[in-house]
There are 2 protein chains.
Amino acid sequence: MPVFDSRSFRNHENVVFCSDEATGLKAIIAVHSTALGPATGGTRFWDYAAIHRRSAPIDVAETRGEQDAVYDVLRLSRGMSFKNAMAGLRLGGGKSVIIGNPRELGTPELMRAFGRMINRLGGNYYAAEDVGTSPDMLAAASETTAYVCGLDGGDFGTGDPSPHTALGVFTGIQASVKHRLGKDDLNGVRVAVQGLGHVGQYLVDHLRNAGAKVIVTDIVDANIKAVLERGEAEVVSPDEIHAVDCDVYAPCALGGTLNPKTLGDIKATIIAGAANNQLETEGKEDEQLRKRGILYAPDYVINAGGIISVESEVYKEKVDNAAREAKVLRIGETLTKIYEASDKQGRPTGVIANEMAEDIIRKANEAKLAAAAE
Amino acid sequence: MPVFDSRSFRNHENVVFCSDEATGLKAIIAVHSTALGPATGGTRFWDYAAIHRRSAPIDVAETRGEQDAVYDVLRLSRGMSFKNAMAGLRLGGGKSVIIGNPRELGTPELMRAFGRMINRLGGNYYAAEDVGTSPDMLAAASETTAYVCGLDGGDFGTGDPSPHTALGVFTGIQASVKHRLGKDDLNGVRVAVQGLGHVGQYLVDHLRNAGAKVIVTDIVDANIKAVLERGEAEVVSPDEIHAVDCDVYAPCALGGTLNPKTLGDIKATIIAGAANNQLETEGKEDEQLRKRGILYAPDYVINAGGIISVESEVYKEKVDNAAREAKVLRIGETLTKIYEASDKQGRPTGVIANEMAEDIIRKANEAKLAAAAE
């Protein structure tokens, strides 16, 4: 797959292939845009070739795996630009992938080599945790570069991002309920929460406190138990959750939950959850939902609480809890703007959000060029 | 074409795809190795898709052009690692390509955008002139980055590299004649010089001063005239030069002159010239030459005078003419070592040179790792 010519390239400022023979590191750092600030986004560690090894010879599998890695990092990096722009942050969009099985390859030596590669970009990219990378692994990378965020401790550490993500989703649900159901509170509103990880658990707490009825599921029993210990909840099986009778469906687990198979079963009139990449195909499922009168909160807008919480770390600023919370609570207003534009234009919310984000980035680029020309 | 999985990738530290929407910049910066110092190599500006547009639809041509650009930059970048290592320089190997027609795209704005991309690598890559880039274009890039070398003037400017390249080729011819013909001087030795650009003209001067008989050609009449004004020379047509009766054939024009079509015609027993990429296929033509008893001076070893001359610029050191000349004259000794190893092992000189270069780079990497571990 070509890079410039890839459909997902979309004017990335940089796509950096990195290798280190001594540790076996193969990584791609994608910097979509630095118009708003340093490109910030997580580091995914994934064996992209694994799925291809089942059906293809080893060398073909490796090549296909690399193609998937390029596609993944480009798509996610642009997604971070949009997310950071819509959250009103001084952060650009980037993402990185390390290719391989983290259990076999994810040594401190490899992470330090990766840190040196991040360092080479001189602060244009900041890494954070993502699928396949742990706090320990990022701490190892931080031995060779200062451009890592979401670390524990230190002068500017922002701690666990989950409560901030959950608060953002909660305020997003409030705004969605207000827009779609005309209700000012969540009293008696039925919310189905799919996935009870850190974010899901904090979200359930907020919902209960606001008087909502929660329906929950998880593939891990201990997570369900933890939620039941703290209050009431209706429990359903993981393959039923999207189809339960409720007002709000909140996907908070893996991505791709909104696809041709699940779409017809949804009874909720609002979809608003923390999961990344909820739509299987951007501009497709969101349009189908719109036509069916289901309000969809664009995932990267509603789940921005986590990245909002680390912004201060990139800028080496002391955490200001009040300012941070205010930014997280603004997610509701942003969603309302998207919903109003979607209603007015008769176009899907996901597309509207992308256009708003592109507009913010374009204006920042123009301002930068104008400043440079002076 | 994949990047990591490309046959020419060979453990490049970085391959950086860069784009700038405002100026239309599409560039690839390849950093093969920084083991010995900053990766240093020229910036090529070339419309890689042009040749494909004749036979393929526009989008296919663009994709194929990008593949060619990736292949070109990776091959050239590794070549610079080898060249700089064999010249004993404190420079690693890198190269960059800007994709497109320089006459249409090569504006100062684009070169400044390219300079910002070079700058992003924080001194891990230094650019210089190459096919398609002019001193003016590099001067524009140098407005946005300090990591450009081969500039005119300034405190550390090293000026025209051609005389140094020519001196290196001359000393290489001397060493080759000594090794193959057992002669300590060039008195009466017949040398065929293909291409009379700056380097070729300086080389002819050296050869004449040493008593050699020169046979010359060029596709530009003015160049031949300039050479004849300064002394005697036998002139032949460009398509005859490789086949003339002589001791030394010195290709000093375009690459690829040693290929299946020309190889059988060569009457010289030594091939030693300034052109880049003289072999169409590494490890193939040099082996055929060896079997026929023709001594081949690996192109990147004998033509290193130019890069030797700019080393001080990268390190911001005042030019030391004596030290620089001593380094250039060492090219002869390096070639002698290659020739002796080739004779002893019965393997082609090009392969021997590559292995020596790889060995130097590997040792430097090990030393770096050992130093980092302390």
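For every chain, the first residue of its written sequence is number 1, and the numbers climb from 1 along that sequence. For this description, chains carry letters from A and ligands carry numbers from 1, given in the order in which they are written. Thresholds applied to this predicted model are a pLDDT of at least 70 for local features of residues and 80 or more for the giving and counting of side-chain atom pairs; totals over whole chains, interfaces and linings are not thresholded and use all residues. Heavy atoms from the whole structure form the basis of all side-chain values; hydrogens and water molecules are not counted.

1. Observations concerning the overall build of chain A
Stated precisely, the cut-off is as follows: Numbering of helices and strands runs from the N terminus; a helix is a DSSP stretch of H or I covering at least four residues, while a strand is a stretch of E covering at least two. The size measure is the radius of gyration over C-alpha atoms, and the globule rule it meets is 2.2 Å times the number of residues to the 0.38 power. With a 1.4 Å probe rolled over the protein chains alone, any residue whose accessible area is under 20% of its type maximum counts as buried; one over 50% counts as exposed, and the rest are partly exposed. By the convention used here, residues are in contact when the closest approach between their heavy atoms is within 4.5 Å. Exposure was quantified through the Shrake-Rupley algorithm and a 1.4 Å probe, taking into account, for residues, occlusion by the shown protein chains and nothing else.
What chain A contains, in helices and strands, is 14 helices and 12 strands. A compact globule built from 374 residues would reach a C-alpha radius of gyration of about 21 Å, and chain A, at 21 Å, matches this within 12%. Taking the principal axes of its C-alpha atoms as reference, chain A extends roughly 60 × 55 × 40 Å. For chain A, the residues scored as buried account for 54% of the 374 residues in total. Pairs at least 24 apart in sequence give 66% of the contacts found in chain A among residues at least 6 apart. Carbon and sulfur atoms provide 50% of the accessible area of chain A, an area that totals close to 15,900 Å².

2. Digging into the packing of aromatic side chains
Note the cut-off: Aromatic rings from Phe, Tyr and Trp, taking only the six-membered ring of Trp, are treated as a pair when their centres fall within 6.5 Å; an angle between ring planes under 30 degrees marks them as stacked, one over 60 as edge-to-face, and anything in between as tilted.
Scanning all chains against the criterion turns up nine aromatic pairs over all chains. Here Phe4 of chain A and Phe17 of chain B contribute two aromatic rings whose centre-to-centre distance is 5.3 Å and whose plane-to-plane angle is 70°, an arrangement assigned as edge-to-face. In this pair, Phe4 of chain A sits in the segment before strand 1 (14–20) while Phe17 of chain B sits in strand 1 (residues 14–20), so the two residues belong to two different chains. Phe17 of chain B matches Phe4 of chain A in its accessibility class, with the two residues each being buried.

3. Comments concerning the pairing of strand 5 (residues 92–99) of chain B
When a strand is regular, its side chains alternate between the sheet's two faces. All names here are of chain B. Filter applied, for reference: Between any two strands, at least two bridges found by DSSP are needed for them to pair.
In terms of burial, strand 5 is a largely internal element, eight of the eight residues being buried. Going residue by residue along strand 5, you find Gly92, Gly94, Ser96 and Ile98 tucked away on one face and Gly93, Lys95, Val97 and Ile99 tucked away on the opposite face as well. As paired strands, strand 4 (residues 43–46) and strand 5 are joined by four bridges and run parallel to one another. Each residue of the ladder has a partner; that of Phe45, found in strand 5, is Ile98.

4. A look at the sheet that holds strand 8 (residues 213–217) of chain B
All names here are of chain B. Strand order in this open sheet of six strands is 9-8-7-10-11-12, and the pairing throughout is parallel. Strands at the two margins of the open sheet, each flanked by one partner only, are strand 9 (234–235) and strand 12 (295–296). Bridge count between strand 11 (residues 270–271) and strand 12: two bridges; the pairing is parallel. Each bridged residue has a counterpart across the sheet, and for Ile271 the counterpart in strand 12 is Tyr296.

5. Quick word on the side chain of Thr171 of chain B
All names here are of chain B. Mapped onto the secondary structure, Thr171 falls in helix 6 (residues 162–181). For Thr171, a relative accessible area of 8% translates into the label buried. Residue contacts for Thr171: discarding those within four places in its chain leaves Val328, Leu329, Ile331 and Gly332.

6. Observations regarding the pattern of salt bridges
Our working definition: By definition here, a salt bridge exists when the distance from a side-chain nitrogen of Lys or Arg to a carboxyl oxygen of Asp or Glu is within 4 Å.
Applying the stated criterion across every chain, the model contains 46 salt bridges over all chains. Close ionic contact of Asp72 of chain A with Arg44 of chain A constitutes a salt bridge, the shortest N to O distance being 3.5 Å. Residue Asp72 of chain A is located in helix 2 (residues 58–86), and its partner Arg44 of chain A is located in strand 4 (residues 43–46); the two are separated by 28 residues in the primary sequence. Of the residues examined, Asp72 of chain A reaches a relative accessible area of 9% and is grouped as buried. Taking the relative accessible area as the measure of exposure, Arg44 of chain A reaches 15% and is therefore buried. With a shortest N-O distance of 3.2 Å, Glu311 of chain B and Arg90 of chain B are connected by a salt bridge. You can see Glu311 of chain B sitting in helix 12 (residues 305–314) and its partner Arg90 of chain B sitting in the loop between helix 2 (58–86) and strand 5, a full 221 residues away along the chain. Judged by its relative accessible area of 5%, Glu311 of chain B is buried. For Arg90 of chain B, a relative accessible area of 32% translates into the label partly exposed. Residues joined in a network through salt bridges with shared partners are Arg44, Asp72, Arg75, Lys95 and Asp130 of chain A.

7. Details of unusual backbone geometry
Phi is positive for Arg10 of chain A, close to 35°, though the residue is something other than glycine. For Arg10 of chain A, the location among the structural elements is in the segment before strand 1.

8. Some points on helix 12 of chain B
Residues and elements named next belong to chain B. Counting buried positions over the 10 residues of helix 12 gives 10, a clear majority of the element. Where helix 12 is buried, its residues meet strand 3 (39–40), helix 2, strand 6 (125–126), helix 6 and helix 13 (321–345). Phi for Lys316, located one or two positions after helix 12, is positive at around 50°.

9. Looking at the domain arrangement of chain A
Note the cut-off: For the purposes of this description, domain bounds are those given by an automatic or database domain assignment.
With domains assigned, chain A is organised as domain 1 (14–75 + 93–148) and domain 2 (163–303). Inter-centroid distance (C-alpha atoms) of domain 1 of chain A to domain 2 of chain A is 30 Å.

10. Quick word on the sheet that holds strand 11 (residues 270–271) of chain A
Strand pairing in a sheet relies on backbone hydrogen bonds. The paired strands run either parallel or antiparallel. All names here are of chain A. Basically, it comes down to this: Between N-to-C directions, angles span 0 to 180 degrees; the directions come from axes that are lines fitted to C-alpha atoms, helices contributing only their stretch in contact.
Taken in spatial order, the six strands make up an open sheet running 9-8-7-10-11-12, and their pairing is parallel. Looking along the sheet, the strands with just one partner apiece sit at the ends: strand 9 (234–235) and strand 12 (295–296). Two strands pair when backbone bridges link them, and strand 10 (residues 248–251) and strand 11 are joined in this way by two bridges, in the parallel orientation. What sits directly across from Tyr249, in strand 11, is Ile271. Packing of helix 7 (residues 198–209) onto the sheet brings it into contact with strand 7 (190–194), strand 8 (213–217) and strand 10, and relative to strand 7 it is tilted by some 170°.

11. Examining the relation of the copies chain B and chain A
Short version of the rule: When the copies are overlaid, the least-squares fit takes in C-alpha atoms only where the residue has pLDDT of at least 70 in both copies.
Laying chain B over chain A is done by rotating through 179° and shifting 0.0 Å along the axis; what remains is an RMSD of 0.1 Å. The transformation relating the two chain copies, once decomposed into turn and shift, fits a two-fold axis. For chain B, the minimum C-alpha distance to the rotation axis belongs to Val16 of chain B and amounts to 2.1 Å.

12. Looking at the interface of chain B and chain A
Definition in use: Note: buried area is the sum, over both parts, of the accessible area (probe 1.4 Å) each one loses when the two are combined. Polar contact is the term for a pair of N or O atoms within 3.5 Å; when the atoms are in protein, one must be able to donate a hydrogen and the other to accept it, and sequence-neighboring residues count only if both atoms are side-chain atoms. Side-chain classes follow a simple rule in which Ala, Val, Leu, Ile, Met, Phe, Trp, Tyr, Cys and Pro form the nonpolar group, Asp, Glu, Lys and Arg form the charged group, and the remainder, Gly included, forms the polar group.
Contact residues are listed per partner, giving 33 residues for chain B and 33 residues for chain A. Carbon and sulfur atoms supply 50% of the area buried between chain B and chain A, which totals about 2,800 Å² over both sides. Considering only the side of chain B, the residues that lose the most area to chain A are Phe4, Phe17 and Arg120 of chain B, jointly responsible for 29% of the buried surface there. The tally of links from chain B across to chain A stands at two salt bridges. Arg120 of chain A is paired through a salt bridge with Glu13 of chain B; the nearest N and O atoms lie 2.9 Å apart. Where chain B touches chain A, the interface holds 22 residue pairs in polar contact (both at pLDDT 80 or more). Of all the elements in the fold, those that place two or more residues in the side of chain B that touches chain A are strand 1, strand 2 (25–33), helix 2 and helix 4 (108–120) of chain B. Of all the elements, strand 1 of chain B adds the most residues to the side of chain B that touches chain A, at six residues. Class assignment of the residues belonging to the side of chain B that touches chain A gives a composition of 17 nonpolar, eight polar and eight charged.

13. Quick look at the pairing of strand 8 of chain A
Residue and element names in this part refer to chain A. Filter applied, for reference: Here the term right-handed applies to a crossover when the path leading from its first strand over the helix to its second strand runs clockwise, the strands being oriented away from the viewer.
Judged by how many residues are buried, strand 8 sits mostly within the fold: four of five residues are covered. Of the strand pairs in this sheet, strand 7 and strand 8 are connected by five bridges, and their pairing is parallel. Bridge assignment links Val193 to a residue of strand 8, and that residue is Val216. Handedness of the β-α-β unit built from strand 7, helix 7 and strand 8 comes out right-handed. One ladder, built from two bridges, connects strand 8 with strand 9; its direction is parallel. Among the inter-strand pairings, Ile215 is bridged to a residue of strand 9, identified as Glu234.

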